[in-house]
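Chain and residue survey
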Amino acid sequence: MIKIAAKARFSFMFPADIKTTFEFYSDMTRMADYLHHIELVNTLSTSQYRLYYNTVELGTYHIHVYCDVRLDATPADYTMRIVPVENLPPIETEVTINATTTRGFYSSEAFFYEEGDETRVEYTLALQAKPPRPKGMRFMPRGMVNKIANNITNHRMREIAENFIKSSIIDFPRWQAERELSR
């Protein structure tokens with residue numbers, strides 16, 4: 001098994017009032033577009049989704065992690081959580097020479113705070129999984145594999161969070177223009 005456990009925490013300013021910011025981030029389909037290395041592969045209900053984390057590490061090893069989640073958005077206190085769920089169809093664990101596939105657990109939290117004409121967003125995301133080691137790693141010591149996996153996954157989580165923030169802020173004017181046209 002490879003132990004994958006990483007978390008990233010960021011605070012950023014979003015260029016809109018709190019109500020508009022919350023509305024913008026309340027669409028899971030749009031949010032998933034901003035998550036580098038993670039894609040939305042299935043919408044299982046109006047609030048349950050299957051996410052797919054996919055990366056190639058050390059130029060050789062393909063890591064595939066499927067995470068079933070539910071979006072809990074609470075406009076009354078401007079909080080949003082993506083929480084793991086386990087009641088969806090199972091994910092078959094698979095392992096080959098250079099790839100591993102398994103179920104994992106993705107979560108995120110966003111807290112929105114009014115800051116004048118802008119909104120401060122406190123954003124945390126985390127990923128956990130225990131996929132089997134690809135067969136090509138069987139001669140590497142377990143401790144070394146876990147240390148490498150931990151370092152890489154922590155780097156990936158920071159990269160995903162940074163890209164999420166940057167991409168969503170860049171896309172906001174387009175979304176806002178479309179929103180105004182539809183009114």
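This one's a predicted model, so the numbers in the text were calculated from it and none came from an experiment. (Residues numbered from 1 in each chain as written. Predicted model: local features only at pLDDT ≥ 70, side-chain atom pairs only at ≥ 80, totals over all residues. Heavy atoms only, no water.)

1. Quick word on the overall build of the protein chain
- From N to C terminus, the protein chain includes three helices and eight strands.
- Ordered by position from the N terminus, the helices and strands of the protein chain form the series β-α-α-β-β-β-β-β-β-β-α.
- Radius of gyration (C-alpha) of the protein chain: 18 Å, near the 16 Å computed for a compact globule of 183 residues.
- Dimensions along the principal axes, computed over C-alpha positions, put the protein chain at roughly 60 × 30 × 25 Å. (Helix = DSSP H or I, 4+ residues; strand = E, 2+ residues; numbered from the N terminus. Rg over C-alpha atoms; globule rule 2.2 N^0.38 Å.)

2. Points about the pairing of strand β8 (residues 118-129)
- The pairing of strand β1 (residues 4-14) with β8 spans eleven bridges and is classified as antiparallel. Residue pairing across strands places K7 opposite A126, the latter belonging to β8.
- With twelve bridges connecting them, strand β7 (residues 99-115) and β8 associate as antiparallel partners. Each residue of the ladder has a partner; that of G104, found in β8, is A129.
- Remark: two residues form the turn of the hairpin made by β7 and β8, two consecutive strands paired antiparallel; G116 in that turn has positive phi of roughly 70°. (Pairing = 2+ DSSP bridges.)

3. Topic: unusual backbone geometry
- A positive phi angle, near 75°, is found at H37, a position not held by glycine.
- Within the secondary structure, H37 sits in the loop between α2 (28-33) and β2 (38-43).
- The phi angle at Y78 is positive, at roughly 50°, despite the residue not being glycine.

4. Quick word on the environment of I91
- Assignment of secondary structure puts I91 in the loop between β5 (79-84) and β6 (94-95).
- Of the residues examined, I91 reaches a relative accessible area of 17% and is grouped as buried.
- When the C-alpha atoms of I91 and R142 are compared, they prove to be 24 Å apart, with 51 residues separating the residues in sequence.
- Those residues in contact with I91 that sit more than four places away from it in its chain are R50, Y66, T102 and R103. (Buried < 20%, exposed > 50% of the residue type's maximum accessible area, 1.4 Å probe, protein only. Contact = heavy atoms within 4.5 Å.)

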